[in-house]
Amino acid sequence: LPMAFRDVNARRHIGLQQLSSLALAGRTLLGPMKSCKFIVDESTNQSTLICSAVRLIESLDLTSAAGQLLNETIQAQNKEFKTGMSTLLFLTGAWSNAALECLQQNVPVSAIVSVMSEGLNSCCERVQCLQVSIHDVNKELCSRSVRPNTFTSKTCQIGRDSLLNPQSFLYFQKDIFAPEKVIPINSCSHKEDDCNFNKCLVSPLAGFGSVTSLVKPVGDKSTSVISGSGVIASSCNKQKLTYSRYFSALGESHFSSQQGNFQGYLSGQSADPCECYGLGHLAMTLSHGNQTSMKLLQSILAYQQERAECSGSSQINIAEIVTCCLLGLPESYSCVSPGFVTLVSPEQATVIKYFEDKALRILLMDGDLTERYRHLGFNRPCNVKTILEHPSLQEGRAGDLWLSSTLDILISFGVNLVLVKGNVCENLMERCIANSILVIGSVTGDVLCAFGEVTSAQPVTYLTQLNASRVGSGAQVELWKARDGHAMDLGELVPVRIKVQGIPLLTAVLTTTVASKMQLIEDQFWTLVYRLHHALNDEKVFLGGGAVELLCLSHIQMLAEQPLQPANKDAVKEFHSPWLAASVTEYKSVVLQALASGWKQYLSVVMCNTAKAASELEACTLVDHHLKKAADCGSPSAYILKEFRRGDLLRGGSGPFTDHGEGLKVYDNVTAKTEAWRRALDLVLLVLQTDAEIITGPKRNQLLNSDVSSEFMFL
């Protein structure tokens, strides 16, 4: 895409201008209420719907060095965390502009690099007081106080979904060997006398206890997390949630998620029921308004907790989760299904009908099922092969010989089902279908491991390694059925389900009728899964809703307003030059104010995207209002905690949740967020220091003195 770069200095720092322009395209992707974008391929005129920084960057033609560095940085964040990419993209642009503003004020590059790095490190230390341990969050979610304007006492709905929309029910398939019928979890009687605490889920987090007991002094920079003491126990009995600040607007959708009757999970058999309930509620606070993905994940958590019998294991096993995207069904058909759901061709579906109610012998292939496949590290006898224009009959016969021998091996061991990690030879696939053998390719390693554990099958790389002990048994295959009990035939592809007694594998079946939306739905689901995963690994979360960024902004502005002090001996020693140390001290306030502008832009754009402010000007005014009140309070962290508890943090009068009273609190990942900050600033400072122009030719002086340089190179 052609980019209109700012005319800051046409001969210098082209990379920073490119970063700023690229980041500008992702402003609407920031915050919980993202605005999707259509990306159109000019060569094919096909379009896709994107709602994440990763898909945006992948769709752009990044020919510049700065664009490539930005792509690599975002891909690294996505590979490690699966979240925080939009924050990274936006702050990259905001801090690129900040660096350019510093350059316009003739601030030395060394001073910009030093002060910005020091400022971000100071922010990361300062916001540690806004971390909450997962254990305390679970306790808060289990024992929050109930506000009269939030609950009614008419009905007790059983099930995690009642916290969001009492009219919708969560569904899950029964035991996979039971008759194919879907039953609702929410089977609680509507009579109030039948409801008790063990059958009623507690409400979401209402707030913390005494704020003064939770906040450290301003000067205390020690690492700590917020304690959950002083919280009033919840009176959950006979009450249901009717309003939720973040989810009630979305509650009208008729969502269903096929679930089983997990009485062990719902009855709270664990010694600490908060550990059982907490994961589902924690997923809710990390969902940032994505109801569909949240309900699917809650169904998965319920199933995994039921398998563990609420033993207190507060972890989510991502290796046991897979997704299957079904295009052509309404989104209300999205569900969680035990076993492995995948798509096969109509020809393969005919074989499945033959396998109905039969226990199959299963083979696992850890590689490609092709004639020429060799494992990594295999030393070929000859690195050069002559390819004839007209293949000889001998080569065709050799291929037929391999097909025949492969098929003979499968038949001799009685194999009915083959799961292949890589590709499958099309000719072999056709022959296997003719002999009632189902072969499925492109199966992930986690799926192979799951089937290997419950069927005793051992993966093989080549069929020549196959023996009777490596073939598993007990697998069953059937056509996947929707919640109404009907098998689905989507034309070109048919969804099927492979199941084995006791397999822990779960498939999140994602459905939509809009082709361009399929990738978006899958990305949103995995983002939430990994948010919960990282929260459990960190064992702590940040207060969400802009609390952390507001404290960063307040802290940086406080540092910028400190009076200038002469460079000390340590600073001179660090920079190996009294002049460099003096320049850092002189320009410290200017650079910190520029760094703070990035946080302020971040908060303003989030507020505009979530309709909490009608314009960026109004958003900036509201942010300034909070900054002033935080400064007057004497302890910005205490003020932010107080506003977070009240639900009034960065909340304007034009937001969509204004009339719903206090709602569900939101949280963010700690490591993923801080790493996104660091990666964004590291990228900006890298480009800042490597932006250079090499002028060549006999007219060097003329080019240097011109307004626009036509020849430059980005190092």
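Sequence positions are assigned chain by chain, starting from 1 and proceeding in written order. Owing to the predicted nature of the model, reporting of local features is limited to residues with pLDDT of at least 70; listing and counting of side-chain atom pairs is limited to 80 or more, with chain, interface and lining totals taken over all residues. With hydrogens and water stripped out, all remaining heavy atoms of the structure feed into the side-chain values.

## Structural notes on the pairing of strand β10 (residues 417-420)
The following threshold applies: Type-normalised accessible area, obtained with a 1.4 Å probe on protein chains alone, sets the label of each residue: buried when under 20%, exposed when over 50%, and partly exposed for intermediate values. Secondary structure elements follow DSSP: runs of H or I no shorter than four residues count as helices, runs of E no shorter than two count as strands, and numbering proceeds from the N terminus. A pair of strands is labelled paired if DSSP reports no fewer than 2 bridges between them. A crossover counts as right-handed when, viewed with the strands pointing away from the observer, the path leading from the first strand over the helix to the second turns clockwise.
Residues of β10 alternate between two faces, with Leu417 and Leu419 on one and Val418 and Val420 on the opposite face, all of them buried. Pairing analysis gives four bridges linking strand β9 (residues 360-365) to β10, with the strands arranged parallel. Across the sheet, the residue bridging to leucine 364 is leucine 419, located in β10. Traced from β10 through helix α12 (residues 426-434) to strand β11 (residues 438-440), the parallel crossover comes out right-handed.

## What to know about the packing of helix α18 (residues 588-609) against helix α19 (residues 616-633)
For clarity, the threshold we go by: Only the contacting stretch of a helix is used when fitting its axis, a line to C-alpha atoms as for every element, and angles between N-to-C directions run 0 to 180 degrees. By the definition adopted for this analysis, an angle is roughly parallel if under 35 degrees, roughly antiparallel if over 145, roughly perpendicular if from 65 to 115, and oblique otherwise. Two helices that cross are described as forming a left-handed crossing if the nearer one is turned anticlockwise from the farther one by less than a right angle, and a right-handed crossing if clockwise. Between two residues, a contact is recorded if the distance between any of their heavy atoms is within 4.5 Å.
In the contact formed by α18 and α19, the axes pass within 9 Å of each other and the chain directions differ by 120 degrees. It follows from the interaxial angle that α18 and α19 lie oblique. You can see that α18 and α19 cross each other, and the crossing is right-handed. Contacts from Lys600, Leu603, Ser604, Val605, Met607 and Cys608 in α18 reach Glu616, Ala619, Cys620, Leu622, Val623 and Asp624 in α19.

## Quick word on the sheet that holds strand β8 (residues 340-344)
If you walk across this open sheet you meet the six strands as β8-β13-β12-β9-β10-β11, and the pairing is mixed. Two strands in the sheet have a free side with no partner beyond their single neighbour: β8 and β11. Sheet twist, expressed as the mean angle between neighbouring strand axes with direction ignored, is 35 degrees. As paired strands, β10 and β11 are joined by three bridges and run parallel to one another. Among the inter-strand pairings, leucine 419 is bridged to a residue of β11, identified as isoleucine 440. Contacts between helix α10 (residues 346-354) and the sheet are confined to β8, β11, β12 (472-479) and β13 (494-499), with β12 contributing the most and set at about 115 degrees to the helix.

## Digging into helix α1 (residues 14-24)
Counted residue by residue, α1 has 10 buried out of 11 residues, so it is predominantly covered. Every buried residue of α1 is listed here: Ile14, Gly15, Leu16, Gln17, Gln18, Leu19, Ser20, Ser21, Leu22 and Ala23. On its buried side, α1 packs onto α3 (65-81), α4 (85-104) and α21 (670-690).

## Things to note about the nonpolar core
Going by this rule: The definition of a nonpolar core used throughout is a set of buried Ala, Val, Leu, Ile, Met, Phe, Trp, Tyr and Cys residues joined through side-chain atoms within 4.5 Å. What counts as a domain boundary in this text is fixed by an automatic or database domain assignment.
If you look at the biggest cluster of nonpolar residues, it comprises 120 residues, and the most contacted ones within it are Trp95, Leu130, Phe525, Leu532, Trp599 and Trp677. Considering every element that reaches this core, the biggest residue donor is α4, with 12 residues. Among the domains, domain 1 (3-132 + 542-568 + 576-714) and domain 2 (318-375 + 400-538) are the pair contributing at least three residues each to this core. Counting residues in hydrophobic clusters, the runner-up holds 29 residues, among them Val344, Ala349, Val351 and Leu438.

## Observations concerning the confidence of the model for the chain
Counted only if it meets this: Known as pLDDT, the predictor's per-residue confidence is scaled from 0 to 100.
When the pLDDT values of the chain are averaged, the result is 75; 66% of them are 70 or greater. By mean pLDDT, helix α7 (residues 263-267) is the weakest element of the chain at 29, and β10 is the strongest at 97. Here residues 1-10 is modelled with pLDDT under 50, and outside its nearest four sequence neighbours on either side it reaches 21 contacts, counting other chains as well. pLDDT under 50 marks residues 707-715. Its contacts with residues more than four places away, or in other chains, come to 29 contacts.

## What about the sheet that holds strand β16 (residues 667-669)?
Ordered in space as β3-β15-β16, the three strands form an open sheet in which the pairing is antiparallel. Looking at the sheet topology across the chains shown, the edges are occupied by β3 (131-133) and β16. In this sheet, neighbouring strand axes are inclined to one another by 45 degrees on average, regardless of whether the strands run parallel or antiparallel.

## Topic: helix α9 (residues 291-307)
Residues that lie three or four places apart on an α-helix share one face, since the helix turns once every 3.6 residues. Our working definition: An expected span of 1.5 Å times one less than the residue number is assigned to each helix.
Helix length check: α9 (17 residues) gives 24 Å between terminal C-alpha atoms against 24 Å at 1.5 Å per residue, within 8%. Burial analysis of α9 places 14 of its 17 residues in the buried class, the great majority of the element.

## Observations regarding the side chain of threonine 323
Our working rule: Polar contacts, as used here, are pairs of N or O atoms within 3.5 Å; protein pairs need one atom able to donate a hydrogen and one able to accept it. Residues neighboring in sequence count only if both atoms are side-chain atoms.
Along the chain, threonine 323 turns up in strand β6 (residues 321-327). A polar contact of 3.5 Å, which involves the side chain of threonine 323, links it to the side chain of tryptophan 526. In this structure threonine 323 touches Thr507, Ala508, Leu510, Glu522, Phe525 and Trp526, once residues within four positions along its chain are discounted.

## Topic: the packing of α3 against α21
For the record, the criterion: Throughout, the ten residues Ala, Val, Leu, Ile, Met, Phe, Trp, Tyr, Cys and Pro are labelled nonpolar, Asp, Glu, Lys and Arg are labelled charged, and all others, Gly among them, are labelled polar.
Two elements in contact, α3 and α21, have axes separated by 11 Å at closest approach and are oriented at 165 degrees. Accordingly, the angle class assigned to the pair α3 and α21 is roughly antiparallel. Classified by chirality, the crossing of α21 by α3 is right-handed. Along the contact surface, α3 presents Leu69, Leu70, Thr73, Ala76, Gln77, Glu80 and Phe81, while α21 presents Thr671, Ala672, Glu675, Ala676, Arg679, Leu683, Leu686 and Val687. Of the residues in the contact of α3 with α21, the class split is nine nonpolar, three polar and three charged.

## Concerning the state of the cysteines
Heads up, the condition is: When the sulfur atoms of two cysteines come within 2.5 Å, that pair is taken as a disulfide.
Here the structure, examined in full by the defined rule, presents zero disulfides. Distance from the sulfur of cysteine 129, which forms no disulfide, to the nearest cysteine sulfur (cysteine 552) is 9.8 Å.

## Re the environment of cysteine 124
Tracing the sequence through the fold places cysteine 124 in helix α5 (residues 109-126). Cysteine 124 sits in the buried class, given a relative accessible area of 9%. Spatially, the C-alpha atoms of cysteine 124 and valine 548 are 9.5 Å apart, while their sequence positions differ by 424 residues. Those residues within four positions of cysteine 124 in sequence are excluded, and the remaining contacts are Trp677 and Arg678.

## A word on the pattern of salt bridges
The criterion, for reference: Salt bridge, as applied in this entry: a Lys or Arg side-chain nitrogen positioned within 4 Å of an Asp or Glu carboxyl oxygen.
With the rule as written, the count across this model stands at 15 salt bridges. In this structure, aspartate 400 engages arginine 431 in a salt bridge whose closest nitrogen and oxygen atoms are separated by 4.0 Å. Remark: arginine 431 occurs in helix α12 and aspartate 400 occurs in helix α11 (residues 393-412); sequence separation between them is 31 residues. Exposure remark for aspartate 400: the relative accessible area of 40% places this residue in the partly exposed category. Lysine 628 is the salt-bridge partner of aspartate 632, the closest N and O atoms lying 3.1 Å from each other. A residue pair is termed a helical-turn pair when its members lie 3 or 4 positions apart in one helix, as aspartate 632 and lysine 628 do in helix α19 at four residues. Grouping residues by exposure puts aspartate 632 and lysine 628 together as exposed. The network of salt bridges with shared partners includes Arg55, Glu58 and Asp523.

## Observations regarding the environment of leucine 650
Inspection of the secondary structure assignment puts leucine 650 in the loop between α20 (636-646) and β16. Residues in contact with leucine 650, not counting those within four places in the same chain, are Gly545, Gly546, Leu550, Leu603, Met607, Lys612, Leu622, Val623 and His626.

## As for unusual backbone geometry
Despite not being glycine, lysine 82 has its phi angle at roughly 65 degrees, a positive value. With respect to the element layout, lysine 82 can be found in the loop between α3 and α4. The exposure class assigned to lysine 82 is partly exposed, which follows from its relative accessible area of 25%. With phi around 55 degrees, histidine 288 is a residue other than glycine that occupies positive phi space. Its place among the elements puts histidine 288 in the loop between α8 (273-286) and α9.

## Overview of the side chain of serine 554
With respect to the helices, strands and loops of the structure, serine 554 is situated in helix α15 (residues 547-560). Note on serine 554: relative accessible area 13%, which makes it buried. The contacts of serine 554, once residues within four sequence positions are left out, are Leu627 and Pro636.

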